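Here are the chains, one letter per residue:
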There are 2 protein chains.
Amino acid sequence: MTTVHELPTPCLLLDPVRLERNIERMKRRAVDLGVALRPHMKTAKSIEVARLAAPDGGITVSTLAEAEYFSAHGFEDILYAVGIAPGKFDRVEMLRSRGADLQVVVESAGAARQVAARGIPAWIEIDADGRRAGLEPEDLEVLRIAELLGGSLRGVMTHHGLSYAARTQVARAEAAAEERDAVVEAARRIRSLGIPCPAVSVGSTPTASAATDLSGVTEMRPGVYMFMDLYQAAIGVCDEADIAISVLASVIGHRADGFLIDAGALALSLDRSTSRLPMDLGYGKVCDLDAVPLHDWVVDSVTQEHGVVRSPEGPPPSLPEGAMVRVLPNHACITAACHAEYQVLHDGVEVTDRWGRVGGW
Amino acid sequence: MTTVHELPTPCLLLDPVRLERNIERMKRRAVDLGVALRPHMKTAKSIEVARLAAPDGGITVSTLAEAEYFSAHGFEDILYAVGIAPGKFDRVEMLRSRGADLQVVVESAGAARQVAARGIPAWIEIDADGRRAGLEPEDLEVLRIAELLGGSLRGVMTHHGLSYAARTQVARAEAAAEERDAVVEAARRIRSLGIPCPAVSVGSTPTASAATDLSGVTEMRPGVYMFMDLYQAAIGVCDEADIAISVLASVIGHRADGFLIDAGALALSLDRSTSRLPMDLGYGKVCDLDAVPLHDWVVDSVTQEHGVVRSPEGPPPSLPEGAMVRVLPNHACITAACHAEYQVLHDGVEVTDRWGRVGGW
C-alpha cells in the first residue's frame with residue numbers, strides 16, 4: 001500500500017469520495033431540472049472522471065487534445081466548446097473520420113460557411129452576459145448562420161461567465177434564467193424559420209447549482225462542480241468540505257513570519273480568484289493531511305517553486321521541516337492544469353490509484 | 001518545410017537568433033565579471049537550450065525532474081536550488097549513484113545533519129533581501145551548518161528576488177552589490193573557522209545584468225535572461241526585441257471592443273507581473289508574425305482557453321478570423337511552463353525544429 005507520506009511533493013491529490021458525491025449531486029440536479037448533462041471535461045481532463053461524470057455519454061471539451069483523448073477512450077459525442085479557428089478543421093475531420101461525433105462552435109457566417117462545406121456539425125454560440133464570446137440572441141447573424149448550417153446545426157449554446165460574480169443563490173438563479181432565456185429565444189427564432197435546432201444548452205457550475213426552471217433547455221454543461229474549489233465555496237455554491245482536489249506540499253524552510261513549502265506558482269497556479277472576495281485566500285488555504293484547514297493559514301506569496309505560508313491574523317505559522325500539508329485551490333481548473341496526473345487518496349492516507357490528465361492543445 | 005501557418009494554436013514559439021544573442025551576452029558578462037556561469041534551467045527546461053547556455057557544464061535546476069532529465073542528457077554538475085525536503089533524499093541518492101554530482105541546498109541544522117549523514121554535498125542558502133528563503137549572513141546557524149557539513153559543504157548561494165523590483169540600472173547594481181556582500185560575508189565567516197567554502201554564488205537576471213564588481217564571488221546563476229520577457233524589458237534589463245519566446249494564437253471571434261484569440265489562462269499563464277508597472281500589459285503584448293507589436297494591443301482578459309485582445313487607448317482592435325498573432329509573455333518562466341515543447345521559428349516563417357521541455361517535479 002502506498003501512503004500519502006511516500007508521495008513526491010508537490011503533487012495533485014484527488015479525493016474520490018468527494019468527487020463522487022459532487023458528481024451524484026449534479027446528476028440529481030439534471031434529473032430534477034429535466035435536462036441532460038453534458039459535463040465539461042476541461043476541469044478534470046481525465047478519462048476516469050469522465051466515466052463517472054458523463055452518464056449519457058455526451059461530453060464538452062475545451063481543446064482538440066481533449067477531444068482526441070476522450071474519443072480514443074470511447075467517448076464519441078463531443079462538443080468542442082471554444083470557437084473554431086480554420087486551421088483546426090483538418091484535425092476535426094480526422095477525428096470525425098475515425099468515428100467521433102465531434103461538434104464545433106461558430107459565431108460568424110464565415111466560419112459557418114466553412115464548416116457547412118466540410119459537413120462538420122456545429123453549434124451557434126450565444127452571448128448571455130456580454131462577457132466573452134457569442135452572438136446576442138436577437139442578432140440577425142444567428143439566423144444567417146442557422147441558414148448556412150441547415151441540417152448541420154446541432155443547437156445553440158451559451159456560458160454565463162458573469163454568474164461567477166453572483167454572490168447569492170438568488171443572483172445565481174437569476175443568471176441561470178438569463179442563460180436559459182438567451183438560448184431559448186435564439187432557438188425559437190431559428191425554428192421560426194423552419195430550421196431544426198435540436199439542442200439548447202447552458203453552462204457553468206454556479207448557474208447549474210442554482211437554476212430553478214430550465215424550460216426549453218435540453219442540456220447543461222457545468223465542469224468545475226466535479227472538484228469544486230475555494231472560490232465556489234466562498235460564493236456559496238458548495239462547502240469547503242466538498243473540494244475534491246488539493247496540492248500536497250512539504251515544509252522546506254522557516255521565516256520569522258511563517259514557513260516555506262515546495263509548492264509555488266507552478267504547482268498551485270497564479271490564480272487569485274479569491275482576491276476579489278471579502279476573504280482573500282492568497283494562493284490557497286493550508287490544511288492538514290485530512291484536508292482540515294490549519295487555523296487561518298494561507299499561501300500568502302509564491303515564486304516559481306516556493307510558497308510562503310502566513311497567517312492573516314494569528315501568530316506566524318510553523319510546522320517542522322518535512323511536514324506535509326494539503327493546499328486547497330482557488331480555482332480547480334487552473335490548479336489541476338499544473339499537473340500531469342492525480343494521486344487518488346482515500347481517507348487522507350492511502351493512495352489507491354494514479355489517474356492521468358490530458359494536457360496541451 | 002513547415003511554416004508558422006501550419007502550426008496548431010496555441011503553441012510556444014522560440015526564436016533561436018534572439019536566444020543565442022541573449023546567451024552570448026550573458027556569457028560575455030560572466031567573463032567580464034570574472035565569474036563562472038551556472039545558468040538556471042528553470043526557465044528553459046530544455047536540453048537544447050542548456051547545451052547553448054552552459055559553457056562550463058554546471059547548471060542550476062528548480063525540480064528533481066529537471067535534475068533527472070539534464071543528468072540523463074549528460075549534465076552532471078547540478079545544483080538543485082530549492083530547499084530540500086527529507087522525502088526527496090532517496091531520489092537525490094539514486095541520481096548520485098548513477099554518476100550525477102547533484103548538490104542540494106539547506107538552511108537548517110536538521111537538514112544539514114541528514115545530508116551530511118548521507119554524504120550528499122550541500123550549499124547553504126543565504127538571505128540577501130529578506131524576501132524568501134535562507135539565513136542571514138551573520139546568523140550563527142550558518143556556522144553551525146557549515147560545521148555539520150564539513151567537507152560536504154560546496155558553498156554559499158543567494159538569490160536577490162527583490163532585484164526584480166529595482167527599476168533602474170543603478171538600483172540593480174546596488175542589489176547586485178548586496179547579493180555579493182551577503183554571500184562573501186557568509187563565506188568569510190565560514191572560512192574563518194577553517195572550513196573550506198569553495199563556491200560563492202549569486203543569482204537573478206536583473207543583478208547579473210547590472211553587477212559592476214563581483215569580487216569574492218565565484219559564479220552566477222541567472223535564468224530568465226535566455227528568453228527575457230515584457231517585465232525585464234519594462235524595467236530596462238533588455239529590449240522588447242530581445243524577447244525570444246512568444247505564444248502563437250489564432251483569432252477565433254469578434255466583439256464590439258476587440259477580438260478573441262484561442263490563447264487564454266492555460267496558454268499564456270495568469271502571470272500579471274507588468275500590472276505592478278506604469279505600463280500594464282495585461283496578459284501579454286500582441287504582435288504580428290514577425291514579433292512586431294500591433295499598435296498598443298494587449299490580451300486584456302482571459303478565461304481558460306480564451307483571450308480578449310483590446311486596445312487601452314486606440315480604436316477596438318480587429319483582425320480576420322483565422323489570422324495568427326504572437327503574444328509576448330509577461331514572465332517567461334511561467335508562460336513557458338504552460339507548454340510541453342518549443343516550436344523553433346526562424347525569421348517568423350520557417351519552423352526548423354521542436355525542442356522538448358521537462359515538466360512536473
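Everything below is about the structure shown above.
Residues numbered from 1 in each chain as written. Chains lettered and ligands numbered in written order. Predicted model: local features only at pLDDT ≥ 70, side-chain atom pairs only at ≥ 80, totals over all residues. Heavy atoms only, no water.

Undergrad: When you look at the relation of the copies chain B and chain A in this model, what are you seeing that I'm missing?
TA: Two copies of one chain are present, and they are related through a rotation about an axis combined with an axial shift. Its rotation angle being 180°, the transformation that places chain B on chain A also includes 0.0 Å of axial translation and leaves an RMSD of 0.0 Å. Read as a symmetry element, the transformation amounts to a two-fold axis. Residue L270 of chain B of chain B places its C-alpha closer to the rotation axis than any other residue of that unit, at 2.8 Å. Counting the interface residues of chain B, we find that 100% of their copies in chain A are interface residues as well, pointing to one common contact surface. (Least-squares fit on C-alpha atoms with pLDDT ≥ 70 in both. Contact = heavy atoms within 4.5 Å.)

Undergrad: Got a minute to help me understand the interface of chain B and chain A in this structure?
TA: Interface extent is often summarised as the accessible area lost during association of the parts. Tallying the contact residues gives 45 residues for chain B and 45 residues for chain A. In total, about 3,700 Å² of surface goes out of reach between chain B and chain A, with carbon and sulfur atoms giving 57% of it. The largest contributions to the chain B side of the interface with chain A come from R132, Q304 and W361 of chain B, which together make up 21% of the buried area. For the pair chain B and chain A, the number of links is two salt bridges. We note a salt bridge from D262 of chain B to K88 of chain A, for which the minimum N-O separation is 2.6 Å. Linking chain B with chain A are twelve residue pairs in polar contact (both at pLDDT 80 or more). For the side of chain B that touches chain A, the secondary-structure elements that each account for two or more residues are β11 (245-255), α10 (265-268) and α11 (332-336) of chain B. Looking at the side of chain B that touches chain A element by element, the count peaks at five residues for β11 of chain B. Looking at the side of chain B that touches chain A residue by residue, the class counts come to 19 nonpolar, 14 polar and twelve charged. (Buried area = accessible area lost by both parts, 1.4 Å probe. Salt bridge = Lys/Arg side-chain N within 4 Å of Asp/Glu carboxyl O. Polar contact = N/O pair within 3.5 Å; in protein donor to acceptor, adjacent residues only side chain to side chain. Helix = DSSP H or I, 4+ residues; strand = E, 2+ residues; numbered from the N terminus. Nonpolar A, V, L, I, M, F, W, Y, C, P; charged D, E, K, R; others polar.)

Undergrad: What is the right way to read the sheet that holds strand β4 (residues 59-61) of chain A from this model?
TA: Strands belonging to one sheet form pairs held by backbone hydrogen bonds; the direction of such a pair is parallel or antiparallel. Residue and element names in this part refer to chain A. Judged by pairing direction, the sheet is parallel, and its eight strands sit side by side in the order β3-β10-β9-β8-β7-β6-β5-β4 without closing on themselves. The two strands at the open ends of the sheet, each matched to only one other strand, are β3 (36-37) and β4. As judged from the three bridges shared by strand β5 (residues 77-80) and strand β6 (residues 101-106), these two strands associate in the parallel manner. Considered in β6, the bridge of D77 is made with D101. Sheet contacts for helix α1 (residues 16-33): β3 and β10 (219-221); angle to β10, the most-contacted strand, approximately 150°. (Pairing = 2+ DSSP bridges. Axes fitted to C-alpha atoms, helices over the stretch in contact; angles between N-to-C directions.)

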